[in-house]
Amino acid sequence: MRSRVLGLAALIVLIGAVVWQWHADDADARAHLLTSLDPDAVSHIDVALKGLPAQRFDRRDGHWSDGAATVDEGRAGELVMLAATPVSAWRPVADFDLAKIGLSPPVAVLVLDDTRIEFGEMAALRKQRYARVGDRVAIVPAQALPRAPRTASLPASSSTVH
């Protein structure tokens, strides 16, 4: 009986250690993402790209809507996935001249629920770009940028991105 109790106690301690490590690893992984948002939980998107009209999407019953009859669900899905963009480094905003890195004004602004993400220009070295979240600037992969809507849905005067 005593060996069973000791074995059960050891098992409980081992399970507790595994759960604690799993939680610590998860928290560490989130620290290296652009936001702490769960992309599947985002219910509202505002996106503005330089030279294009701003767009708004709301998730209703598991589908995205912009008030029009048809919505590019794939694009809306891509936009929310930007919340989980991997970050190679974080630095304070004060370390940068925001105009020189394309964040004053930003190339694109994405608001997921209440989290504002500003996207800037490409970094000088490697294939990376600058992104601002709050009072920090992240270095993210170059492709981490909201894509423009399909040209068929754009007004004739806004068919190209500048």
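Criteria and cut-off values
Residues numbered from 1 in each chain as written. Predicted model: local features only at pLDDT ≥ 70, side-chain atom pairs only at ≥ 80, totals over all residues. Heavy atoms only, no water. Phe/Tyr/Trp six-rings, centres within 6.5 Å; stacked < 30°, edge-to-face > 60°. Helix = DSSP H or I, 4+ residues; strand = E, 2+ residues; numbered from the N terminus. Buried < 20%, exposed > 50% of the residue type's maximum accessible area, 1.4 Å probe, protein only. Lys NZ or Arg CZ within 6 Å of the ring centre and 35° of its normal. Polar contact = N/O pair within 3.5 Å; in protein donor to acceptor, adjacent residues only side chain to side chain. Contact = heavy atoms within 4.5 Å.

**Concerning the packing of aromatic side chains**
So, step 1. One pass over the structure, following the stated rule, counts one aromatic pair.
So, step 2. With centroids separated by 5.6 Å and ring planes inclined at 70°, the aromatic side chains of Phe 96 and Tyr 130 adopt a geometry described as edge-to-face. Of this pair, Phe 96 sits in the loop between β4 (89–92) and β5 (108–112) while Tyr 130 sits in strand β7 (residues 128–133), and the two are 34 residues apart along the sequence.
So, step 3. Here Phe 96 falls in the buried class, since its relative accessible area comes to 16%.
So, step 4. By relative accessible area, Tyr 130 is classed as buried at 14%.
So, step 5. Over the aromatic face of Trp 90 sits the side chain of Arg 136, whose NZ or CZ is 3.7 Å from the ring centroid.

**Thoughts on the side chain of Thr 85**
So, step 1. Following the sequence through the fold, Thr 85 ends up in the loop between α2 (73–81) and β4.
So, step 2. By relative accessible area, which is 6% here, Thr 85 ends up buried.
So, step 3. Within the structure, the side chain of Thr 85 is placed 2.7 Å from the backbone oxygen of Leu 82, a separation counted as a polar contact.
So, step 4. Here Thr 85 is in contact with His 32, Leu 33, Leu 34, Val 140, Pro 141 and Ala 144, once residues within four sequence places are set aside.

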